[in-house]
Amino acid sequence: MIPNGAMYGHTAHGIPFYHQNLRPGRRQDANDVGSALRSPLLDEFRANKARKWELRDIYGHIVEFSGDQHGSRFIQQKLETATSEEKQGVFDEIVPDNALQLIQDVFGNYVIQKLFEHGTQVQKTVLANTMEGHILPLSLQMYGCRVVQKAVEFILPDQQAAFVRELDPHVLKCVKDANGNHVIQKLIERVSHERLGFVNSFRGNVYDLSTHPYGCRVLQRCFEHLPEETTRPLMDELHKYMINLMQDQFGNYVVQFVLEQGKPQDRNQVIAKLRGQMLNMARHKFASNVCEKALVTAGIEERRILIDEIIMPKTDGVSPIVSMMKDQFANYVLQRALTVAEPDQKEILIAKIRPQLVSMRRYSSAYSKHLISIERLLERTINASKASDKPADYPSLLHKPVN
């Protein structure tokens, strides 16, 4: 068997790690170093597909096979139906000496995840013990973060708390990291809120988190999984920046989350901020998404007020409907209003949109795709109104192009 020491190096974090050019199991050409290091057994395994291989056939080579694409897949499949003795055989070769290296490996991490899924509780605890003291660098590592997440799902509460304590001083760093944010989300989903003291560090940072590509996800998980007493200070802080967040490429998702899953009083506050701003917000690339969501989630009276704002001409005589029909973003808000409006408002919208479509078709050389969509929706709405007194909804016509 190849000595383990020949396969591993060290990372800047001080955790043993594979040298990328010394990975057994990656054959690129005849001179590839990984090919040179591959054992005869692994070579045979890769070449002899006809043989019915069992875990016992590769004992003594578990670590090497785990670091190989085909070997890793084989071990993963076998662990799902392995006997207790077979699992222990795999476990003993990996833990503790080789666990950290495999956790960070492109193929090995999947074997470790299977041990968390299918191992005994004792094995899971011992495996997690080998990770303690390294939770931060593992959480920031592309493959290590997946194992940390899997571990959180299967370890006992006290060990979950130990993971949290390691990340506590560095939580904002993790939240803003492409890998670490997934670990923080998993902790929020799976760990008892009494143990999540790090959430307090989000206070005073709500705007910063909401406008961050990863922070906005973490904040949504907080609102989704944590109790009111924990999230209320965060929600109150969020309301201070609501108009700005509606117009942010990431913040708008947080606002939409509040509209869709927030408490009624918070949803009402968001909708109140839109009043008097519907046309401006509807023409904004990101805020238009919020306008649509508000029209769908608002109560009947609130929705009426928002749609009245679309129907009524402005003080300068400009019709919001005409502006919205021509706009690349607002036209979708108008379509949404048409699908969710009460019958009386729907009739007014149809009466105002129809002549504009005729005029635009006549005088515009570029009859845009979104005007065609509005025209088709109008026809379907009219036909549905004839067939039923109930409002119709045609979500298939409401998909925005993603830029």
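Residues numbered from 1 in each chain as written. Predicted model: local features only at pLDDT ≥ 70, side-chain atom pairs only at ≥ 80, totals over all residues. Heavy atoms only, no water.

## Details of the overall build of the protein
Piece 1. Tallying secondary structure elements over the protein gives 26 helices and 2 strands in all.
Piece 2. Residue burial in the protein is summarised as follows: out of 403 residues, 52% are buried. (Helix = DSSP H or I, 4+ residues; strand = E, 2+ residues; numbered from the N terminus. Buried < 20%, exposed > 50% of the residue type's maximum accessible area, 1.4 Å probe, protein only.)

## What to know about the environment of Phe286
Piece 1. For Phe286, the position within the fold is in the loop between helix H20 (278-282) and helix H21 (287-297).
Piece 2. Its relative accessible area of 22% is what places Phe286 among the partly exposed residues.
Piece 3. Sequence-wise, Phe286 and Gln247 are 39 residues apart; in three dimensions their C-alpha atoms are separated by 5.3 Å.
Piece 4. With residues near it in sequence (within four places) discarded, Phe286 still touches Met246, Gln247, Asp248, Gln249 and Asn252. (Contact = heavy atoms within 4.5 Å.)

## With respect to the packing of helix H18 (residues 251-261) against helix H19 (residues 264-274)
Piece 1. Remark: H18 packs on H19, axes separated minimally by 8 Å, with the N-to-C direction vectors making an angle of 125 degrees. Comparing the axis directions of H18 and H19 gives the class oblique. For the crossing formed where H18 meets H19, the hand is left-handed. Contact residues: H18 offers Val255, Val258 and Leu259, while H19 offers Asp266, Arg267, Val270 and Ile271.
Piece 2. In terms of residue class, the contact of H18 with H19 is made up of 5 nonpolar, no polar and 2 charged. (Axes fitted to C-alpha atoms, helices over the stretch in contact; angles between N-to-C directions. Parallel < 35°, antiparallel > 145°, perpendicular 65-115°, else oblique. Left-handed = near helix turned anticlockwise from the far one by under 90°. Nonpolar A, V, L, I, M, F, W, Y, C, P; charged D, E, K, R; others polar.)

## Observations regarding the pattern of salt bridges
Piece 1. One pass over the structure, following the stated rule, counts 20 salt bridges.
Piece 2. The closest approach of N and O atoms between Arg232 and Asp236, which form a salt bridge, is 3.2 Å. A residue pair is termed a helical-turn pair when its members lie 3 or 4 positions apart in one helix, as Arg232 and Asp236 do in helix H16 (residues 228-239) at 4 residues.
Piece 3. We classify Asp236 as partly exposed; its relative accessible area is 39%.
Piece 4. Two residues, Arg304 and Asp344, come together in a salt bridge whose shortest N-O distance is 2.5 Å. With Arg304 in helix H22 (residues 300-311) and Asp344 in helix H25 (residues 343-363), the pair connects residues that are 40 residues apart, well separated along the chain.
Piece 5. The class for Asp344 is partly exposed, based on a relative accessible area of 36%.
Piece 6. In the salt-bridge network here, residues are joined through shared partners; they are Glu80, Lys114, Glu117 and Lys150. (Salt bridge = Lys/Arg side-chain N within 4 Å of Asp/Glu carboxyl O.)

## Comments concerning the nonpolar core
In globular proteins that are soluble, nonpolar side chains generally tend to be buried together.
Piece 1. The biggest cluster of nonpolar side chains holds 110 residues, and the ones touching the most others in it are Ile94 and Leu349.
Piece 2. With 6 residues, the top contributor of residues to this core is helix H24 (residues 330-340). (Core = buried A, V, L, I, M, F, W, Y, C linked by side-chain atoms within 4.5 Å.)

## So, the confidence of the model for the protein
Piece 1. Within the protein, residue pLDDT values average 87, and 84% of them lie at 70 or more.
Piece 2. Below a pLDDT of 50 lies the segment residues 18-33, which in the model reaches 44 contacts outside its immediate sequence neighbourhood of four places, other chains included. (pLDDT = per-residue confidence, 0-100.)

## What about the packing of aromatic side chains?
Piece 1. Throughout the structure, instances matching the rule amount to 5 aromatic pairs.
Piece 2. With 6.1 Å between their ring centres and 55 degrees between their planes, Phe198 and Phe202 make a pair best called tilted.
Piece 3. Taking relative accessible area as the criterion, Phe198 reaches 1% and is therefore assigned buried.
Piece 4. Residue Phe202 is classed as buried on the basis of its relative accessible area of 0%.
Piece 5. Over the aromatic face of Trp53 sits the side chain of Arg51, whose NZ or CZ is 3.9 Å from the ring centroid. (Phe/Tyr/Trp six-rings, centres within 6.5 Å; stacked < 30°, edge-to-face > 60°. Lys NZ or Arg CZ within 6 Å of the ring centre and 35° of its normal.)

## What about helix H2 (residues 40-47)?
Piece 1. Listed in full, the buried residues belonging to H2 are Leu41, Leu42 and Phe45. Along the axis of H2, the buried residues cluster in a sector spanning 95 degrees; they form a single face. Of the exposed residues in H2, the ones pointing more than 90 degrees away from its buried face are Pro40 and Ala47.
Piece 2. The secondary structure elements touched by the buried residues of H2 are helix H3 (62-66) and helix H4 (69-79). (Arc of directions from axis to C-beta.)

## Considering unusual backbone geometry
Piece 1. Residue Pro96 is bonded to the preceding Val95 through a cis peptide linkage, with omega at 0 degrees.
Piece 2. The residue Pro96 is located in the loop between helix H5 (84-94) and helix H6 (99-103) in this model.

## A word on the environment of Gly144
Piece 1. Its location among the elements puts Gly144 in helix H10 (residues 144-154).
Piece 2. Judged by its relative accessible area of 0%, Gly144 falls in the buried class.
Piece 3. Spatially, the C-alpha atoms of Gly144 and Ile103 are 5.3 Å apart, while their sequence positions differ by 41 residues.
Piece 4. Apart from the residues within four sequence positions on either side, Gly144 is in contact with Ile103, Gln104 and Leu138.

## Describing the environment of Gln269
Piece 1. You can see Gln269 is positioned in helix H19.
Piece 2. For Gln269, a relative accessible area of 37% translates into the label partly exposed.
Piece 3. Between the C-alpha atom of Gln269 and that of Met242, which follows or precedes it by 27 residues, the distance is 9.2 Å.

## With respect to the packing of H21 against H22
Any two packed helices are characterised by how steeply their axes cross, that is the angle between the axes, and by the distance between the axes.
Piece 1. Packing of H21 against H22 brings their axes to within 8 Å, and their N-to-C directions diverge by 140 degrees. Between H21 and H22, the crossing angle belongs to the class labelled oblique. Side by side, H21 and H22 meet where Ala294, Leu295 and Val296 of the first sit next to Arg303, Leu306 and Ile307 of the second.
Piece 2. Class assignment for the residues of the contact of H21 with H22 results in 5 nonpolar, no polar and 1 charged.

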